[in-house]
Amino acid sequence: MSHGFDLKNLHIEVTTRCNLNCIYCLRRFWSGYEPRDMDFNTFLRILDQVEGLERINLYGFGEPFMNPRILDMIYYARRSFKDSKIFLSTNGMLLNESVIEKAIERGLDSIAVSVDSVNLQQLKKIRVGSGSRVLKSLEDLCRIGRRILPELEIGVECVILKHGFEELPKVVEYAADLGVDYVQVSHVVPYSKQIYEYACYTCVSERVLSVLGEDGLRELCEIRDKASHQALLLSYARPRGSHELKKYFEIMGDLTSHGYTANLTALCEERHKISLALRVREVFEQMSEIAESSGVELRVPKVFSDAADRTCPYEEKHSIYVRRDGKVAPCMELAYTHPEYVNSHNKLVHEYLIGDVKSESLSKILSNEGFKRFREMRKNLIRNCPWCGDCPYSELECWFVKDNLLDCYGNSPSCSECLYSVGLASCII
């Protein structure tokens, strides 16, 4: 291909149908999208247009095994790419001995099962419609899968929620006893304010907290209590005569000298989130000890963002996302229009599609000028894209944070509030 994009990782959404109704799933919040399977001919058309892939991911916003042609898809992916890793993420509800055997025999060599908790009551509340079948499926997978293919890579995926995160070490213990290769953890992506209440992270940069220190944070919050935040912002254009304003700008100046700003709402009104994030970090340390002693790889997210440490996982992995209808997006986050609650405000994330494999070649799609510009921006997010998590204007819902169509650097679309870019949210690609 001459499009200049060295595609190594192909993420294909084989269906948007699902047999569960997880409380945090995007499918609860989007509108105008019908749950359907990817047409098999569309799938073959995609495979026919790519070469040299290192990995093919057969999952998306749905349960892969709901697609009646999934075993054929695995087979043709393996036949087309003998040396590629063929990966699939599943909720486990449709896995049985026969499905496991056929999937592996047809070429699947990497699979992850979503297990947010080993407490069945908790699991049923989170992943509505699930139950003991999930754990049984994982056990069968480890037993049968490894017998057929000893080098089969098996993972467990977890989403951290406020209620139950302290039981995550038990998930690692359970996975280790079964011989699972890795446990990957992600914070929840809040598609509503209610879901954000379950979140255990903050978008404030940890460096901001360390520069402020406990005394500086307390003083900043005291100043904010005496004067409205809006008044503080307006005072940038006014004389700074009062003691509070002088102190405020002294603190803000110190942050600026370190390359940061401050989102006062996140710092002052969400101090409980900061405490919660620190507690989660302690739990991660417990999980790490268990994983290290048992030989399980543990992949955990950050608990604070960092404006100076941002990368795009899809850009790093040279990946794109193909929706079940054949339309192509740069990543999973931009595949569908959806609401999101981030940095103390609601926003609408608009889909950003760069083409349709059913009507044009993938080579032409990847040569799209808009996609080229977007990729250039993502290659250095720190320099090219703002981070709204520390911005004093984001909590006031400045014009730029209403959606992702334009940011204050002029990027369109924008990744200025992408939780994946700061390592808070993650998916397996």
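Presented here is a report on the structure given in the accompanying data block. (Residues numbered from 1 in each chain as written. Predicted model: local features only at pLDDT ≥ 70, side-chain atom pairs only at ≥ 80, totals over all residues. Heavy atoms only, no water.)

Observations concerning the overall build of the protein
Inference 1: Counting its regular elements, the protein contains 16 helices and 14 strands.
Inference 2: The C-alpha atoms of the protein give a radius of gyration of 23 Å, which matches the 22 Å a tight globule of 429 residues would have.
Inference 3: By its C-alpha atoms, the protein is 75 × 50 × 35 Å across when sized along the principal axes.
Inference 4: The proportion of buried residues among the 429 residues of the protein is 57%.
Inference 5: When contacts within the protein are restricted to residue pairs at least 6 apart in sequence, those whose partners lie at least 24 apart make up 76%.
Inference 6: When the accessible surface of the protein is summed, it comes to about 18,000 Å², and 47% of that surface belongs to carbon and sulfur atoms.
Inference 7: Placing the 54 positive and 61 negative side-chain charges of the protein at their respective mean positions leaves the two points 4 Å apart. (Helix = DSSP H or I, 4+ residues; strand = E, 2+ residues; numbered from the N terminus. Rg over C-alpha atoms; globule rule 2.2 N^0.38 Å. Buried < 20%, exposed > 50% of the residue type's maximum accessible area, 1.4 Å probe, protein only. Contact = heavy atoms within 4.5 Å. Areas by Shrake-Rupley, 256 points an atom, 1.4 Å probe, with all protein chains shown as cover. Lys, Arg positive; Asp, Glu negative; His and termini not counted. Charge placed at Lys NZ, Arg CZ, Asp CG, Glu CD.)

So, the layout of surface pockets
Inference 1: Roughly 480 Å³ of internal volume is contained in the largest pocket.
Inference 2: Lining the largest pocket are 27 residues, with Gln184, Pro313, Ala425, Ser426 and Cys427 sitting closest to its centre.
Inference 3: Every element with two or more residues in the lining of the largest pocket is listed here: strand S6 (182-187) and helix H13 (313-316).
Inference 4: Its residues placed into classes, the lining of the largest pocket shows twelve nonpolar, six polar and nine charged.
Inference 5: Around the second largest pocket sit 20 residues that line it, and Thr261, Pro386, Trp387, Cys391 and Tyr409 are the ones nearest its centre.
Inference 6: A per-class count over the lining of the second largest pocket returns 15 nonpolar, three polar and two charged. (1 Å grid on protein atoms, 1.4 Å probe; cavity = no way out; pocket = protein on both sides within 12 Å on 5 of 7 lines; lining within 4 Å. Points joined across faces, edges and corners; volume = space filled by probe spheres on them. Nonpolar A, V, L, I, M, F, W, Y, C, P; charged D, E, K, R; others polar.)

A closer look at the sheet that holds strand S2 (residues 55-58)
Inference 1: Taken together, the ten strands give an open sheet; going across it, the order is S8-S6-S5-S4-S3-S2-S1-S10-S11-S14, and neighbouring strands pair in mixed fashion. If you trace the sheet from one side to the other, it starts and ends with strand S8 (297-299) and strand S14 (355-356), each paired once.
Inference 2: Pairing of strand S4 (residues 110-114) with strand S5 (residues 153-160), which is carried by five bridges, proceeds in the parallel orientation. Across the sheet, residue Ile111 finds its bridge partner in S5, namely Ile154. (Pairing = 2+ DSSP bridges.)

Thoughts on the nonpolar core
Inference 1: Leu267 and Ile320 are the most contacted members of the largest nonpolar core, which has 151 residues in total.
Inference 2: With nine residues, the top contributor of residues to this core is helix H12 (residues 271-294).
Inference 3: Contacts of Leu267, omitting those with residues within four sequence positions, involve Val204, Val208, Leu209, Leu212, Leu217, Leu220, Cys221, Ala262 and Ile274. (Core = buried A, V, L, I, M, F, W, Y, C linked by side-chain atoms within 4.5 Å.)

Description of empty space enclosed by the protein
Inference 1: What the rule picks out here adds up to four cavities of 30 Å³ or more.
Inference 2: When its volume is computed, the largest cavity comes out at roughly 690 Å³.
Inference 3: Along its surface, the largest cavity is lined by 34 residues, and Tyr24, Gly60, Ser114, Val159 and Met332 are the ones closest to its centre.
Inference 4: With four residues, S6 is the single largest residue contributor to the lining of the largest cavity.
Inference 5: Classifying every residue of the lining of the largest cavity gives 19 nonpolar, ten polar and five charged.

Description of the pairing of S5
Inference 1: Of all eight residues that make up S5, eight are buried, and the element is covered over most of its length.
Inference 2: What you see with S5 is no split at all: Glu153, Gly155, Glu157 and Val159 on one side and Ile154, Val156, Cys158 and Ile160 on the other are buried throughout.
Inference 3: The pairing of S5 with S6 spans six bridges and is classified as parallel. Bridge pairing in S6 places Glu157 opposite Gln184.
Inference 4: Taken together, S5, helix H6 (residues 168-178) and S6 constitute a β-α-β crossover, and its handedness is right-handed. (Right-handed = clockwise from strand over helix to strand, strands pointing away.)

Quick notes on the pattern of salt bridges
Inference 1: Taken as a whole and judged by the stated rule, the model has 27 salt bridges.
Inference 2: The partner of Glu315 in a salt bridge is Arg378, and the shortest N-O contact between them spans 3.0 Å. Remark: Arg378 occurs in helix H15 (residues 369-379) and Glu315 occurs in helix H13; sequence separation between them is 63 residues. This pair shows no difference in class: Glu315 is buried, exactly as Arg378 is.
Inference 3: In this structure, a network of salt bridges that share partners links the residues Glu97, Arg133, Lys136, Asp140 and Arg143. (Salt bridge = Lys/Arg side-chain N within 4 Å of Asp/Glu carboxyl O.)

What about the state of the cysteines?
Inference 1: All told, the structure shown has one disulfide when counted by the stated rule.
Inference 2: Paired through a disulfide, Cys221 and Cys268 show a sulfur-sulfur distance of 2.5 Å. On the S-S bond that ties Cys221 to Cys268, the torsion sits near -100°, and the link is left-handed. One end of the pair, Cys221, is in helix H8 (residues 206-226); the other, Cys268, is in helix H11 (residues 264-269), and 47 residues separate them in sequence.
Inference 3: Its relative accessible area of 7% is what places Cys221 among the buried residues.
Inference 4: For Cys268, a relative accessible area of 15% corresponds to the buried category.
Inference 5: Note on Cys388: no disulfide assigned, nearest cysteine sulfur contributed by Cys391 at a separation of 6.1 Å.
Inference 6: In this structure Cys388 comes out as buried when scored by relative accessible area, which is 10%. (Disulfide = S-S within 2.5 Å.)

Side note on the environment of Asp177
Inference 1: Relative to the assigned elements, Asp177 resides in helix H6.
Inference 2: A C-alpha to C-alpha distance of 9.9 Å links Asp177 and Glu139, two positions 38 residues apart in sequence.

Focus: the packing of aromatic side chains
Each aromatic ring pair is specified by the distance between its two centres and by the angle formed by the two planes.
Inference 1: Counted by the stated rule, this structure contains 14 aromatic pairs.
Inference 2: For the pair Tyr75 and Tyr76, a centre-to-centre distance of 5.2 Å together with 85° between the ring planes defines the contact as edge-to-face.
Inference 3: Using a relative accessible area of 24% as the deciding quantity, one classes Tyr76 as partly exposed.
Inference 4: Taken together, the ring pairs in this structure connect Trp30, Tyr33, Phe61 and Tyr336 into an aromatic cluster.
Inference 5: In this arrangement the basic side chain of Arg55 is found over the ring face of Phe87, its NZ or CZ atom lying 4.7 Å from the centre. (Phe/Tyr/Trp six-rings, centres within 6.5 Å; stacked < 30°, edge-to-face > 60°. Lys NZ or Arg CZ within 6 Å of the ring centre and 35° of its normal.)

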